[in-house]
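# Residue-level structure breakdown
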Protein chains: 2
Amino acid sequence: MHRKTPLKIIGSNAERTRLHNRKVVLGHLRSHGKLGRAELARLTGLSTQAMSNIIAELESEALILAGERQTKGRGLPAVQYTLNPAGAVALGVEVRPNAILCALVNFLGDTLYTKRIHIESSEPAVVLPTVKAACDEALSSIGKNAPPVLGAGIVMPGPFGRVGLTGAGKAELVGWDDKDPQVLFEDVLQVPVRVENDATAAAIAEQTTGSATDLQSFCFVYFGTGLGLGVISNGEILRGAFGNAGELGHVVVERGGRLCSCGNRGCLETYTSRMAASEFLQKRGKSAESQKDLSDLLAVNDPDLDEWICEAADPLAQAIGTLENLFDPEAVILGGAMPPELLERLIAKLNLIDATVSVRADRTLPRVVRGASGWMTAALGAAALIIHDTYIPSISKVA
Amino acid sequence: MHRKTPLKIIGSNAERTRLHNRKVVLGHLRSHGKLGRAELARLTGLSTQAMSNIIAELESEALILAGERQTKGRGLPAVQYTLNPAGAVALGVEVRPNAILCALVNFLGDTLYTKRIHIESSEPAVVLPTVKAACDEALSSIGKNAPPVLGAGIVMPGPFGRVGLTGAGKAELVGWDDKDPQVLFEDVLQVPVRVENDATAAAIAEQTTGSATDLQSFCFVYFGTGLGLGVISNGEILRGAFGNAGELGHVVVERGGRLCSCGNRGCLETYTSRMAASEFLQKRGKSAESQKDLSDLLAVNDPDLDEWICEAADPLAQAIGTLENLFDPEAVILGGAMPPELLERLIAKLNLIDATVSVRADRTLPRVVRGASGWMTAALGAAALIIHDTYIPSISKVA
DNA sequence: CTTGAATGCTCAACTCAATTGAATTAAATC
DNA sequence: GATTTAATTCAATTGAGTTGAGCATTCAAG
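Residues numbered from 1 in each chain as written. Chains lettered and ligands numbered in written order. Predicted model: local features only at pLDDT ≥ 70, side-chain atom pairs only at ≥ 80, totals over all residues. Heavy atoms only, no water.

### What about the pattern of salt bridges?
All names here are of chain A. For the coordinates displayed, the defined rule picks out 42 salt bridges over all chains. Arg284 is the partner of Asp304 in a salt bridge, and the nearest nitrogen-oxygen pair spans 2.9 Å. Within this pair, whereas Asp304 is found in helix 9 (residues 303-327), its partner Arg284 is found in the loop between helix 7 (274-283) and helix 8 (291-299), the two being separated by 20 residues in sequence. Classification of Arg284 by relative accessible area gives partly exposed; the value is 36%. Across the pair Arg284 and Glu307 runs a salt bridge whose closest N-O atoms are separated by 2.9 Å. Pair noted here: Arg284 is in the loop between helix 7 and helix 8 and Glu307 is in helix 9, with a separation of 23 residues, a long-range link. Via salt bridges that share partners, Arg284, Lys286, Asp302, Asp304 and Glu307 belong to a single interconnected network. (Salt bridge = Lys/Arg side-chain N within 4 Å of Asp/Glu carboxyl O. Helix = DSSP H or I, 4+ residues; strand = E, 2+ residues; numbered from the N terminus. Buried < 20%, exposed > 50% of the residue type's maximum accessible area, 1.4 Å probe, protein only.)

### Topic: the relation of the copies chain A and chain B
The operation relating the two chain copies consists of a rotation about an axis and a shift along that axis. Each copy superposes on the other: chain A lies on chain B with an RMSD of 0.0 Å after a rotation of 180° and an axial shift of 0.0 Å. Overall, the copies show the geometry of a two-fold rotation axis. Taken as a fraction of all interface residues of chain A, those also at the interface in chain B reach 100%, which identifies the copy contact as same-surface. (Least-squares fit on C-alpha atoms with pLDDT ≥ 70 in both. Contact = heavy atoms within 4.5 Å.)

### A look at the side chain of Glu94(B)
All names here are of chain B. Looking at the element boundaries, Glu94 is found in strand 4 (residues 89-95). Residue class for Glu94 comes out buried when judged on its relative accessible area of 6%. Of the polar contacts made by the side chain of Glu94, one reaches the side chain of Arg96; its length is 3.0 Å. Beyond its immediate stretch of four places on either side in the chain, Glu94 contacts Ala99, Ile100, Leu101, Val155, Tyr222, Ala378 and Ala379. (Polar contact = N/O pair within 3.5 Å; in protein donor to acceptor, adjacent residues only side chain to side chain.)

### What to know about the state of the cysteines
This structure, assessed with the given rule, holds zero disulfides over all chains. With no disulfide of its own, Cys219(B) lies closest to Cys219(A) among cysteine sulfurs, the gap being 14 Å. What makes Cys219(B) buried here is its relative accessible area of 0%. (Disulfide = S-S within 2.5 Å.)

### A closer look at the protein's contact with DNA strand D
Every one of the 30 residues lining DNA strand D counts as a neighbour, but Asn21(A), Ser47(A), Arg37(B), Gln49(B) and Ser52(B) are closest to it. Across the atoms of DNA strand D situated within 4 Å of the protein, the share located in sugar and phosphate is 73%. Here a phosphate oxygen of DNA strand D and a side-chain polar atom of Arg37(B) are 2.7 Å apart. A distance of 2.9 Å separates a phosphate oxygen of DNA strand D from a polar atom in the backbone of Ala38(B). Those elements that place two or more of their residues in the surface near DNA strand D are helix 1 (14-32) and helix 3 (48-60) of chain A together with helix 2 (37-44), helix 3 (48-60) and strand 3 (78-83) of chain B. A per-element tally of the surface near DNA strand D places helix 1 of chain A first, with four residues. The residue inventory of the surface near DNA strand D, partitioned by class, reads ten nonpolar, 13 polar and seven charged. (Near = heavy atom within 4 Å. Nonpolar A, V, L, I, M, F, W, Y, C, P; charged D, E, K, R; others polar.)

### Comments concerning the sheet that holds strand 10 (residues 227-233) of chain A
Residues and elements named next belong to chain A. One open sheet holds the five strands; their spatial order is 11-10-9-12-13, and the pairing between them is mixed. Since the sheet does not close on itself, it has two edges, and those belong to strand 11 (236-237) and strand 13 (368-370), each with one partner. Those strands touched by helix 6 (residues 198-209) are strand 9 (218-223), strand 10, strand 11 and strand 12 (331-336), and its axis lies near 120° from that of strand 9. (Pairing = 2+ DSSP bridges. Axes fitted to C-alpha atoms, helices over the stretch in contact; angles between N-to-C directions.)

### Digging into the nonpolar core
Residues Leu248(A), Trp308(A), Phe327(A), Leu334(A), Trp308(B), Phe327(B) and Leu334(B) are the most contacted members of the largest nonpolar core, which totals 84 residues. Filtering out sequence-adjacent residues up to four positions away, Phe327(A) remains in contact with Cys219(A), Leu229(A), Val231(A), Leu238(A), Leu238(B), Gly240(B), Ala241(B), Ala245(B), Leu326(B) and Phe327(B). Val89(A), Val93(A), Ile119(A) and Phe185(A) belong to the second-largest nonpolar core, a separate cluster that totals 27 residues. (Core = buried A, V, L, I, M, F, W, Y, C linked by side-chain atoms within 4.5 Å.)

### Quick word on the domain arrangement of chain A
Taken as a whole, chain A is organised into domain 1 (14-83), domain 2 (87-201 + 381-388) and domain 3 (214-372). Of note, the centres of domain 1 of chain A and domain 3 of chain A, computed from C-alpha atoms alone, are 40 Å apart. (Domains from an automatic or database assignment.)

### Considerations on the protein's contact with DNA strand C
The environment of DNA strand C is formed by 29 residues, the closest being Gln49(A), Ser52(A), Val79(A), Ser47(B) and Arg74(B). Sugar plus phosphate: this is where 73% of the atoms of DNA strand C within 4 Å of the protein reside. In this structure, a phosphate oxygen belonging to DNA strand C sits 2.4 Å away from a side-chain N or O atom of Ser52(A). Contributing elements (two or more residues each) for the surface near DNA strand C: helix 2 (37-44), helix 3 and strand 3 (78-83) of chain A together with helix 1 (14-32) and helix 3 of chain B.

Below is the structure:
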């Protein structure tokens, strides 16, 4: 994941075809809710017979459930199939310098279990066993005859690899520099593991269970320690050559602006981020370290906080314009570790640029939307990523 | 292409598998130059027998050529196969308000023929027959028993659809607003047609025959009428939800900066673009309408042009930093309708930001590279896009 | 109320494109 | 020269999808 892998393009055979088709079917069931065999056959371009076989297999594995027959005009009513929420589970873990957040989700991405564990050290020797124990506990929480575990998603602070940008990142996690987390975690957990950054995971969470369930292309602005960005473009996750795409916090919005910890001036993060907010409020003698603090200030309509919001809105609006022009998304979503009401106010104050490719006559969605995120977003997103992998084939898209 | 199509994910069967595998083989032959059957089998994860069959088919269609056996250690030396340059051709067309550029390329993307045709009007009624005639002439230029025509790539100015941003775009092409160019051109030309914007086409040209042949992820900054951006990320073209991704010209680099034709202030295009250069030089009483003018000024080391370059470099450097942080590319390439020497000087003057995810210890390439582009880049890129489609499966990538 | 068209679905036979395993050829090494 | 290694082919097999006939169920027309 850190390293550039010269992506290997492989051929297909009957077996891989079957795997692909299974994913395609699960994907359609997810996005449509419920469907009959014949309709699935039409959607996928496969024969009804092939669909029958695939459905039979998925049903025997309890990944899908047969529902009532449903009448739609003439003809034999089709048996409606749906994803079985209890058909499988996935683990999600967020590793922070001082804590591990662990989540378990069902086959729809719904939360089954969450837990936060404080850690004294972020070395692999501490983190790995703690994560293992947390995952075991999460799995045992759902009782004895548990459904299959599809895998575990791990969220770690980026950027990956030794890059110029180290202000706030993996540097905070000691002892991981020359390790490959994917291998380490797979070793310990004994399930397939995927490692992603927080913003991407949050974006996937948003697409799986949040406010982007119908979107194929969107940008997710993630308020974490810094300011991250997860981009989904035409259904695909944008990672970049080294897995470091989406470093929104250090996009310059004001030439020669405020000095940032990265050494540059005018990074968006210095204006619009949790850090920026807490620094601003600290100067006014107020504490805003936690989300709770911010919520409290918000509740009493604190004028200083309002002032910060106004100040933060302009740089953000400019950055959103940039995202729109560069990525042409269906919408930009704001989420992460900020009180929802604060995000709402921030959105309300946004003075968006009028001339971007996203200003279109036929828009149905607002250009900027608040994400449906909570404090566990990244860990839940990591788990959702695993679910996501089971119904997104890396294959044959036709417009 | 303008409209958002809720991308349809389809299943696979034996036939589609074969098509996919053919593409995979062609893709590997393209990137490796020459390969034997056994090695191809290993690369693709297919059996040698399957590879033999695929190779036989491709050879019978003259898409590939058998070369000498080549000894590599023990064992029977493998017959080396290469793409047959003369195995197929593709058309590329750039439609501008006052001209049509037509190109024909061979199966490797090498130029076989180019032509520029002046047009009085850019209405469909004029453009379509002109393009048809130009393509016919291009094809007849290569003689009687011509290889199969894979298709035609068409480059038209974006943005697509009616968007807020109409400063310089399709608006210039009259009578196309409510038409679907893809359908119109396919009707007239009777070959598969793809429509793209200039920057994306140029990026593909760069990847096919230019300086990005080894790159899987890069950003191509295209100096055209305005300033465009083509993004290839992990081998895939980034289009955005409505095909308008990459509108780099209207990314704001200076808050409250120069007034742009789009109505905003501080767009990159107002500092760094052909238009910006010619306006700057006009104020100094010099004409720089054409590339030739610029080349001439450059040849005599014109101080005003030098001054413009210095002035243009800073905003561009900032934008490049943004691209690096958002897309995490292997490199940023500068190209398009600018004299190569000017691009070189511009690159030399760039004061790149030190803290982006692209600043890495293990870099081998420079962060910014000059593209190997000429005046036909977009049309050639359009043709290259068709070639590209024949060896890039939209399928199964494994890291 | 009956009958026929439309639609969902299954059965059985078939086909396509892969895989598997044995045989063949040619070079490198012993 | 004999042996090992590797590329390739031949022949048989297999996995997964397709095709076409037939049955079930519903709607709609007569």
